[in-house]
Amino acid sequence: MADFTFTELTPTSFLERSAQVYADRTALVDGDLRLTYGELAGRCRALTGVLADLGVGPGDRVAVLASNSHVQLEMHHAVPLRGAVLVPINIRLSPAEVGYILEHAGASLLVVSVEYVELGTRVAAAAGVPLLVEGPDYESRIAGARPAVMPLADERSLLGINYTSGTTGRPKGVMTHHRGAYLQSLSLLVHGRMDSSSTYLWTLPMFHCNGWCLTWGVTAVGGTHVCLRAIDPERIWSLLRTEGVTHFSAAPTVLTMIAAASGADGPALTQRVAVQTGGSPPSPTLLARLDRLGMDVTHLYGLTETFGPIGINEWQPAWDAFDADAKSRLRARQGVGNVIAEPLRVADDRGIDVPRDGATVGEILARGNDLMLGYYRDDEATAAVTLAGWFRTGDLAVHHPDGYVEIRDRAKDIIISGGENIASVEVERAIDSHPDVVESAVVGVPDERWGEVPVAFVTVRNGSTLTGEEVVAHVREHLAGFKVPRRVLFAELPKTSTGKIQKQVLRETAVAEVTS
């Protein structure tokens, strides 16, 4: 019997459609380079031939070490069109870490943008992997190549391997599939309310969860990709005003930089900008500041293992009537499962759901179409995050009566002091509400009497004379005494390339300071 109702789902189909429907529309802006959808699709088809000429066949791994650039976006389409497996690499990793990923993934080729030629040449030579570099050779190969597109046979087949940050050990390779990437792309379009008039600014690293699958999603609706090769708050404000940007995504730490930049004091934006944030809970103070700057922030929740955001803080119309502080508190929640996922659960160690009382803490469990196939070459790690068919996120949260989830902390970041649990997020929010504070991070350090005590790291605004005693007094006005930091250290906070604060680094610093 003929089956006219089924087609294997793959995000590569989006580019083919947009090349037909939006052939002359601007697809990509990368500095002086501007490509239409017709031109972008032609280049990506040609690149499948370039990959074939370099010996890349179906199932082979193609590693990409590139900035948010036309190279990174082109590889997100060309590699799967060739039937190969995409391995986007974190650009801030050390040579040893990049080399480990090349070896672990079994890469057949490394593609680099101009910023990473030196690093790419070094690690490719050490691993014995061929190198393709942005520039004249890249362009001449495209001009002379014949397409070598391979049809997809199984939508659940391997699309890519995305390596986690590896802050607590060797990075794990998260295996993603075509079906999940296709559906996740559509879910972000639904929740972001994006269409062909949308212009997306790439403040989010494309290598991170494939840019939450918006590398394909923006393409699906014929929106414009505006590339940003490095985080520069002043450049971001310039592009917001000159390129008609309607959407961007960033971690709260990046949003803090944008809000504090001098560009924020320039002319008001001509239209409000939809902002998606995730990685850690944004403080209500930051959310209120961004609202005044013309940015509507939606809090998303997810991990590499969930193709990026699996949760969405779906805004309810009734909340529009609330005051600004109440709205900011609501926006700081992680929300509910997205349209392609099952409802998020919050459960105890046995997998039993905790009461939806907004107070009982449990672990967030997730399941849906946007869950990984598992960790590449690591069955033990895969088993460790599996609980009765659900993915254990490691994030501790409460479930509110309305079904919305709110993170209290990462399991490893809970501070246990004198038998009492202290959520570092709660203390950070109290600190961040001080007008002289840009951002903060709270970690636990060992203490002979209490087991652990909280230590705060604080970044202040330029010109501030804020003291540790003043920070402690401010927190004491908001929280119980046992939650107040025992020590306050003023510093710039170390961050990953995706804007997450490196709390392990801060713990080591705090221990050294306290014991010195």
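Placed above this text is the structure.
Here the structure is a predicted model, which is why all the values come from computation and not from measurement.

Novice: Describe the layout of surface pockets, and please don't skip the residues or the numbers.
Specialist: Of the voids in this model, the second largest pocket is the one considered here, and its volume is about 360 Å³. Lining the second largest pocket we find 17 residues, and of these His191, Arg193, Ala274, Asp296 and Thr298 sit closest to its centre. Every element with two or more residues in the lining of the second largest pocket is listed here: α7 (178–192), β12 (273–277) and β13 (295–303). It is β12 that provides the largest number of residues to the lining of the second largest pocket, a total of three residues.

Novice: Account for the sheet that holds strand β24 (residues 437–447), with residues named and values stated.
Specialist: An order of β24-β25-β26 is seen for the three strands of this open sheet, with the pairing classed as mixed. Single-partner strands in this sheet number two, and they are β24 and β26 (487–490). Strand after strand, the sheet turns through a mean of 25° between neighbouring axes, direction not considered. Where strand β25 (residues 451–460) lies against β26, four bridges are found, and the strand directions are parallel. For Ala456, the partnering residue across the bridge sits in β26 and is Val488.

Novice: Can you break down the environment of Glu469 residue by residue, with the values?
Specialist: With respect to the helices and strands, the residue Glu469 is situated in helix α16 (residues 468–476). With relative accessibility at 62%, the residue Glu469 sits in the exposed group. Sequence spacing of Glu469 and Ser197 is 272 residues, and the spatial spacing of their C-alpha atoms is 50 Å.

Novice: Can you tell me about the state of the cysteines, naming the residues and giving the values?
Specialist: Inspection of every chain in the model, using the stated rule, returns zero disulfides. With no disulfide of its own, Cys44 lies 12 Å from the sulfur of Cys227, the closest cysteine sulfur. A relative accessible area of 0% means that Cys44 is categorised as buried. Note on Cys209: no disulfide assigned, nearest cysteine sulfur contributed by Cys213 at a separation of 8.0 Å.

Novice: So, the pattern of salt bridges: which residues are in play, and what are the values?
Specialist: Two side chains that carry opposite charge are able to pair once their charged atoms sit near each other. Taken as a whole and assessed by the stated rule, the structure comprises 22 salt bridges. For Asp137, the salt bridge is made with Arg141, and the minimal N-O distance between the two is 3.0 Å. Taken together, the residues Asp137 and Arg141, both in helix α6 (residues 136–144) and four residues apart, mark about one turn of the helix. A relative accessible area of 39% places Asp137 in the partly exposed class. Salt bridges sharing partners connect three or more residues here, namely Asp30, Glu115, Glu134 and Arg229.

Novice: Lay out unusual backbone geometry with the relevant residues and their values.
Specialist: Even without glycine at this site, Arg193 takes up a positive phi of about 50°. Here Arg193 lies in the loop between α7 and β9 (199–202). Even without a glycine there, the phi angle at Trp212 is positive, about 60°. Mapped onto the fold, Trp212 is located in helix α8 (residues 209–212).

Novice: Give a description of the packing of aromatic side chains that names residues and reports values.
Specialist: Here the structure, examined in full by the defined rule, presents four aromatic pairs. A centroid spacing of 4.8 Å and a plane angle of 25° characterise the contact between Phe14 and Tyr182, whose relative ring orientation is stacked. Residue Phe14 is located in helix α1 (residues 12–21), and its partner Tyr182 is located in helix α7; the two are separated by 168 residues in the primary sequence. Between Tyr200 and Trp202 the ring centres are 4.7 Å apart and the planes differ by 75°, which places this aromatic pair in the edge-to-face class. With respect to class, Tyr200 is no different from Trp202; both count as buried. Clustering of aromatic rings is evident, with ring pairs tying together Trp315, Trp319 and Tyr404. Above the ring of Tyr375, the side-chain terminus of Lys172 is found at 5.3 Å from the ring centroid. If you follow Arg331 out to its NZ or CZ, it ends over the ring of Trp315, 4.0 Å from the centre.

Thresholds, definitions, all that
- Residues numbered from 1 in each chain as written.
- Predicted model: local features only at pLDDT ≥ 70, side-chain atom pairs only at ≥ 80, totals over all residues.
- Heavy atoms only, no water.
- 1 Å grid on protein atoms, 1.4 Å probe; cavity = no way out; pocket = protein on both sides within 12 Å on 5 of 7 lines; lining within 4 Å.
- Points joined across faces, edges and corners; volume = space filled by probe spheres on them.
- Helix = DSSP H or I, 4+ residues; strand = E, 2+ residues; numbered from the N terminus.
- Pairing = 2+ DSSP bridges.
- Axes fitted to C-alpha atoms, helices over the stretch in contact; angles between N-to-C directions.
- Buried < 20%, exposed > 50% of the residue type's maximum accessible area, 1.4 Å probe, protein only.
- Disulfide = S-S within 2.5 Å.
- Salt bridge = Lys/Arg side-chain N within 4 Å of Asp/Glu carboxyl O.
- Phe/Tyr/Trp six-rings, centres within 6.5 Å; stacked < 30°, edge-to-face > 60°.
- Lys NZ or Arg CZ within 6 Å of the ring centre and 35° of its normal.

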